[in-house]
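So you can see what is in the structure, the chains are spelled out below.
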Amino acid sequence: MVSFAEQVVKGRWFTVFASFLIMAGAGATYLFGIYSKDIKSTLGYTQSTLNLLGFFKDLGANVGVFSGLIAEIIPTWAVLLIGSAMNFVGYFMIWMAVSGRISRPNVWEMCAYICIGANSQNFANTGALVTCVKNFPESRGIMLGLLKGFVGLSGAIMTQIYLAIYGNDSKSLILLIAWLPAAISVVFVYTIRTLKVSRQSNEINVFYQFLYVSIGLALFLMVVTILEKQFAFSKAGYAASASVVSAMLFLPLLVAIREEYSLLHGRTDPENGGEDNIVVEKEAIIVEEMVEKEDPKSCFLTIWDKPKRGEDYTILQALLSIDMGILFLATLFGLGSSLTAVDNLGQIGESLGYPTKTISTFVSLVSIWNYFGRVFAGFVSETLLAKYKVPRPLMMTFVLVLAAVGHILIAFPIPGSVYIASVIMGFSFGAQLPLLFAIISELFGLKYYSTLFNCGQLASPLGSYLLNVKVTGMLYDREALKQLAKKGLKRGDVKELTCLGSNCYRLPFIILASVTLFGALVSFILVVRTREFYKSDIYRKFREQAEASENLEKEKVVVPIKNDVGQTPN
């Protein structure tokens with residue numbers, strides 16, 4: 001039993017389970033709307049100051065280049081520990097300030113705390129996500145979809161746990177955000193590691209079992225969230241819902257144990273008759289396909305001497321490639337517009353006259369369909385690629401066109417259209433990141449994947465700033481000022497600018513729909529450029545590595561243990 005337990009903990013499937021838990025705690029930034037009012041009231045901030053704090057939160061959450069670069073030179077356990085420490089320090093200091101346990105910090109200090117805390121999720125992403133992609137290179141789309149799906153659900157998961165432990169004390173939510181994700185990373189820090197590439201005949205079936213568990217969890221969270229808005233839950237009710245959520249989070253562990261048991265059973269040799277044996281493996285000499293030159297050139301001299309698609313690019317070769325430029329533009333307009341739409345959803349509902357409870361329903365719909373978009377993009381794009389050689393960027397094009405439809409429903413609203421738009425926006429927003437990460441890994445290789453996928457998502461906050469602050473925010477304010485002028489009022493006559501009516505977001509969302517369609521067009525250019533690449537066997541080298549490992553296993557030499565007089569026991 002001890003030997004089997006050790007096999008389970010050291011196995012690939014336990015690494016996946018541990019990564020799911022880490023991802024389930026890596027979405028603290030989604031909970032800012034719950035505890036931001038406590039920061040505002042206890043520290044006496046204005047709305048503009050709170051918005052500044054929110055900007056630094058988004059900045060920390062999306063700038064992951066540092067975590068990617070540092071992951072290239074230190075082991076995964078160190079990456080996770082750094083992220084754990086940053087998470088605890090950042091959010092714990094915010095909790096200390098809000099709860100009055102330290103003197104009121106300066107605004108820049110609070111900005112630094114939340115930026116550090118939010119940036120920790122990039123270390124969790126880099127440690128868990130990159131490791132799982134390298135361990136399952138032939139199922140990377142599915143793996144990315146599942147992992148990002150758990151991140152999408154993390155806000156709802158953390159909410160249920162916080163309600164069970166602390167009740168409705170939203171200040172204590174900050175404390176939970178500080179210690180729980182950090183504790184999860186510390187507990188599983190040594191089980192998240194890159195293992196040798198191997199293949200399993202039922203690998204896809206196992207991933208589908210993980211998918212069914214996550215779908216069940218998402219549906220349960222959606223039902224519980226709706227019920228909590230309709231009825232007053234007791235402490236026992238919250239505890240019961242949190243217990244169910246926790247149990248469902250540990251269901252993948254049972255799948256991992258079953259798979260390791262099957263592997264152990266498959267290796268059992270009945271002819272040995274239960275004798276004790278020492279297994280000695282022959283040393284394997286692995287010859288690299290790309291022979292290193294005697295005098296390797298500097299990375300600056302090889303920027304334009306790029307390898308074939310799918311081979312390992314250097315960081316500079318990838319960042320300065322046309323393919324990465326196309327991906328950057330598609331992400332800038334696609335994810336940037338989706339983030340803008342999600343961030344403005346509350347005010348959209350307000351401007352169209354929806355009640356507060358209904359607006360919270362829109363937010364819940366975005367969260368749940370964000371999850372479904374992530375797992376759909378991962379599983380469907382992987383299936384289409386494996387069976388029909390459909391380029392993964394084509395799925396990105398489809399998702400961006402769908403997002404544009406959601407923007408049009410906001411620009412030209414009809415009764416109930418915001419419900420449909422919330423579903424579309426949540427789905428398309430969730431689908432884009434797994435597709436982006438998978439495409440980067442396929443086109444530029446896995447050698448510097450830690451850095452490249454973090455660089456790829458830099459376009460997201462840049463697009464959000466341009467489209468949200470410089471376009472949507474300014475046009476909304478301009479329309480609100482027009483409404484004030486019609487009433488004979490000026491900006492100084494009201495405390496807060498509020499715009500009512502369908503015109504408030506019409507022009508901004510026409511612009512968002514237009515740039516999203518442009519992003520879809522840019523993405524389709526990548527489809528044309530990479531169609532021959534995706535028609536080829538893009539996972540061939542990973543399959544060959546797995547076959548080499550399997551052949552090495554078959555060449556194991558079994559040496560019987562001899563007794564003290566040098567004889568083999570009967």
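Remember, it's a predicted structure, so these values are computed and weren't measured experimentally.

Caption draft 1: Up close: the overall build of the protein. In terms of regular secondary structure, the protein is built from 22 helices and two strands. Among the 570 residues that make up the protein, the fraction classed as buried is 52%. Partitioning the contacts of the protein with sequence separation of at least 6, the portion at a separation of at least 24 is 83%. For the protein, the accessible surface area stands at approximately 26600 Å², while carbon and sulfur atoms represent 64% of it.

Caption draft 2: Focus on the pattern of salt bridges. As enumerated under the stated definition, the model contains eight salt bridges in all. Ionic pairing is found between arginine 392 and glutamate 442, a salt bridge with its closest N-O pair at 2.4 Å. Taken together, the residues arginine 392 in helix H17 (residues 392-411) and glutamate 442 in helix H18 (residues 417-444) connect sequence positions 50 residues apart. Lysine 535 is the salt-bridge partner of glutamate 532, the closest N and O atoms lying 3.7 Å from each other. Of this pair, glutamate 532 and lysine 535 both sit in helix H21 (residues 506-535), three residues apart, roughly one helical turn. Via salt bridges that share partners, Arg309, Asp323 and Arg529 belong to a single interconnected network.

Caption draft 3: Geometry of the state of the cysteines. Counted under the stated rule, the structure contains one disulfide. Cysteine cysteine 115 shares no disulfide, and the gap to the nearest cysteine sulfur, in cysteine 111, comes to 8.6 Å.

Caption draft 4: Just helix H7 (residues 107-135), in detail. Taking 1.5 Å as the rise per residue, H7 with 29 residues should run 42 Å; its terminal C-alpha atoms sit 43 Å apart, in good agreement. Burial analysis of H7 places 22 of its 29 residues in the buried class, which makes it a mostly covered element.

Caption draft 5: The environment of phenylalanine 14, seen in detail. Positionally, phenylalanine 14 belongs in helix H2 (residues 12-24). In this structure phenylalanine 14 comes out as buried when scored by relative accessible area, which is 10%. Leaving out residues up to four positions away in the same chain, phenylalanine 14 has contacts with Val8, Val9, Phe188, Thr191, Leu253 and Ala256.

Caption draft 6: Focus on a nonpolar patch on the surface. Judged by side-chain polarity, Leu52, Phe55, Leu59, Val63, Val107, Phe328, Leu458, Leu462, Tyr465, Leu466 and Val469 come together as a nonpolar surface patch covering roughly 810 Å² of accessible area. Residue contributions to the nonpolar patch peak at four residues, all from helix H20 (residues 459-486). Tracing the chain through its elements places tyrosine 465 in helix H20. Overall, the relative accessible area of 36% leaves tyrosine 465 in the partly exposed class.

Reading guide: rules and limits
- Residues numbered from 1 in each chain as written.
- Predicted model: local features only at pLDDT ≥ 70, side-chain atom pairs only at ≥ 80, totals over all residues.
- Heavy atoms only, no water.
- Helix = DSSP H or I, 4+ residues; strand = E, 2+ residues; numbered from the N terminus.
- Buried < 20%, exposed > 50% of the residue type's maximum accessible area, 1.4 Å probe, protein only.
- Contact = heavy atoms within 4.5 Å.
- Areas by Shrake-Rupley, 256 points an atom, 1.4 Å probe, with all protein chains shown as cover.
- Salt bridge = Lys/Arg side-chain N within 4 Å of Asp/Glu carboxyl O.
- Disulfide = S-S within 2.5 Å.
- Expected span 1.5 Å × (residues − 1).
- Patch = residues over 30% accessible without salt bridge, like charges linked within 9 Å, V, L, I, M, F, W, Y side chains within 5 Å.

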